[in-house]
Amino acid sequence: MLLITTQVKYRGPRPPTPHYPLKFEITFCVRGVVSPLLANLFLHYALDAWMRRELRSVRFCRYADDGVIHCKSEVQARLVLRKLGVRLRECGLELHPEKTRIVYCQDVNRRAVHPTIHFTFLGYTFRPRKAVDKYGRVYVNFSPGVSREALRTMRQTVRGWHIQLMCDKELSDLSNRFGPVLRGWANYYGRFYPTALKPLWRQVNDYLVRWMQRKYKARARGITRAARALGRLAESAPNSFVHWERGFIPVAR
């Protein structure tokens, strides 16, 4: 199976023609409150409806101006890519030259060599990954997992919270303040290949250990003692954070 990942790139203003009577009405709404709605409506009729009508043999998924098209062969993928480019030019749009590419979904059953075997869509990176079947056998599967960019953004957000400096807060206060955000990330990015979130959970635990050191200096002196104390706390109150519920308990290292 081959995928075409693409992003629509808007051209500059062009003279009005009978085929584009709403061109300037949409152009003047750029960066306005309703511009995303108008752009989505335009792409729905210009692209989505056309795909269902003219390319019924492929599967198409679009979110805003990003999209993925599932094809059965490279020949079909190149044909779809050519037709898609023609259609977008007719609508005054063009494919993004750098973000539009054909991706080969390499796994245990598809072992051909291709220059591009991964892509990112909606914060997930789709690529070959190790998996285990119900019999315990390891194989390669083409599956999604949190992307490096999304993981980097989440870790930077956690760093900006400065949890280790909140010595005046109790664990319940930290849980009420940051728990919903962490649960939202876990529910979205942990839906597929949840172990890819390990670096994030490890970082949160590290900051909580440093918070424990500052708050309970007598009982949690040193990183090892603080990690063990936090581990006992996590086992007694696992519902405080979503990653504790899922087994990522702080341990002494």
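Thresholds, definitions, all that
- Residues numbered from 1 in each chain as written.
- Predicted model: local features only at pLDDT ≥ 70, side-chain atom pairs only at ≥ 80, totals over all residues.
- Heavy atoms only, no water.
- Phe/Tyr/Trp six-rings, centres within 6.5 Å; stacked < 30°, edge-to-face > 60°.
- Helix = DSSP H or I, 4+ residues; strand = E, 2+ residues; numbered from the N terminus.
- Buried < 20%, exposed > 50% of the residue type's maximum accessible area, 1.4 Å probe, protein only.
- Lys NZ or Arg CZ within 6 Å of the ring centre and 35° of its normal.
- Disulfide = S-S within 2.5 Å.
- Contact = heavy atoms within 4.5 Å.
- Pairing = 2+ DSSP bridges.
- pLDDT = per-residue confidence, 0-100.
- Axes fitted to C-alpha atoms, helices over the stretch in contact; angles between N-to-C directions.
- Expected span 1.5 Å × (residues − 1).
- Parallel < 35°, antiparallel > 145°, perpendicular 65-115°, else oblique.
- Nonpolar A, V, L, I, M, F, W, Y, C, P; charged D, E, K, R; others polar.
- Salt bridge = Lys/Arg side-chain N within 4 Å of Asp/Glu carboxyl O.

J.: How would you sum up the packing of aromatic side chains? Please name residues and give values.
T.: Throughout the structure, instances matching the rule amount to 10 aromatic pairs. Taking 4.4 Å as the distance between ring centres and 20° as the angle between the ring planes, the aromatic pair formed by tryptophan 161 and phenylalanine 178 counts as stacked. In this pair, tryptophan 161 is assigned in helix α4 (residues 148–161) and phenylalanine 178 in helix α5 (residues 171–189), connecting sequence segments 17 residues apart. The residues tryptophan 161 and phenylalanine 178 share a single accessibility class, namely buried. Pairing tyrosine 188 with tyrosine 189 gives two aromatic rings, centres 4.8 Å apart and planes at 85°, and the pair type is edge-to-face. For tyrosine 188, a relative accessible area of 39% gives the class partly exposed. Tyrosine 189 gets classed as buried once you look at its relative accessible area, which sits at 16%. Taken together, Tyr124, Tyr188, Tyr189 and Phe192 form an aromatic cluster joined through their ring pairs. A cation over a ring is seen here: arginine 191 above phenylalanine 192, with NZ or CZ 5.2 Å from the ring centre.

J.: If you had to explain the state of the cysteines to someone new, which residues and values would you point to?
T.: Counting across every chain of the model gives 0 disulfides. Not engaged in a disulfide, the cysteine cysteine 71 finds its nearest cysteine sulfur in cysteine 105; these two sulfurs lie 9.8 Å apart. Taking the relative accessible area as the measure of exposure, cysteine 71 reaches 2% and is therefore buried.

J.: Could you give an account of the environment of leucine 174, naming the residues involved and the relevant values?
T.: Here leucine 174 is to be found in helix α5. Leucine 174 gets classed as buried once you look at its relative accessible area, which sits at 1%. In the structure, leucine 174 is positioned 34 residues away from leucine 208 in sequence and 9.4 Å away in space, judged by C-alpha atoms. Apart from residues no more than four positions distant in its own chain, leucine 174 is found in contact with Ile163, Met166, Lys169, Gly179, Leu208, Trp211 and Phe241.

J.: Hey, could you go over the pairing of strand β7 (residues 124–132) for me, with residue numbers and the actual values?
T.: Across 3 bridges, the pairing between strand β6 (residues 119–121) and β7 is antiparallel. Within the sheet, the bridge partner assigned to threonine 120 lies in β7 and is threonine 125. Connecting the antiparallel pair β6 and β7 is a turn made up of 2 residues, with leucine 122 showing a positive phi of about 55°. Note: β7 against strand β8 (residues 138–146), 9 bridges, orientation antiparallel. By the bridge assignment, arginine 127 is partnered in β8 with serine 143. Counting the residues in the hairpin turn of β7 and β8 gives 5 residues, including glycine 136, whose phi is positive at 85°.

J.: Can you lay out the confidence of the model for the protein for me, pointing to particular residues and giving the numbers?
T.: In this model, the protein carries a mean pLDDT of 86, and residues with pLDDT of at least 70 account for 85%. Low pLDDT, under 50, characterises residues 20–28; the stretch is placed with 9 contacts to residues that sit more than four places away or in other chains.

J.: Give me the lowdown on the sheet that holds β7, citing residues and values where you can.
T.: Reading across from one edge, β6-β7-β8 is the order of the 3 strands in this open sheet, with antiparallel pairing throughout. The open sheet terminates on both sides in strands that have one partner only, identified here as β6 and β8. For this sheet, the mean angle separating the axes of adjacent strands, direction not counted, is 50°.

J.: Would you mind going over α4 in detail, with residue names and values included?
T.: Taking 1.5 Å of rise per residue, the 14 residues of α4 would be expected to cover 20 Å, and the 20 Å separating its terminal C-alpha atoms lies within 8% of that figure. In this structure, the buried residues of α4 make contact with β8, α5 and α6 (198–215). Histidine 162 sits one or two positions beyond α4 and adopts a positive phi of about 55°.

J.: Break down the side chain of serine 143 for me, citing the residues and quoting the values.
T.: With respect to the helices and strands, the residue serine 143 is situated in strand β8. The residues touching serine 143, leaving out its near neighbours within four places in the chain, are Thr125, Phe126, Arg127 and Arg129.

J.: So what's going on with the packing of α5 against α6? Residues and values would help.
T.: Viewed as axis vectors pointing N to C, α5 and α6 meet at an angle of 175°, and their least axial separation amounts to 13 Å. Put simply, α5 runs roughly antiparallel to α6. Of α6, the residues touching α5 (which contributes Leu171, Leu174, Leu182, Trp185 and Ala186) are Leu200, Trp201, Val204, Leu208 and Trp211. For the contact of α5 with α6, the residue count by class is 10 nonpolar, no polar and no charged.

J.: Talk me through the pattern of salt bridges; I want residue IDs and the actual numbers.
T.: The final tally for this structure, using the stated rule, is 8 salt bridges. Note that glutamate 170 and lysine 215 form a salt bridge whose closest N and O atoms lie 3.4 Å from each other. Separated by 45 residues along the polypeptide, glutamate 170 in the loop between α4 and α5 and lysine 215 in helix α6 bring together distant segments of the chain. The salt bridge involving glutamate 245 is made with arginine 183; its shortest N-O contact spans 2.8 Å. Note that glutamate 245 is positioned in helix α8 (residues 242–245) and arginine 183 in helix α5, a separation of 62 residues in sequence. For glutamate 245, a relative accessible area of 36% translates into the label partly exposed.

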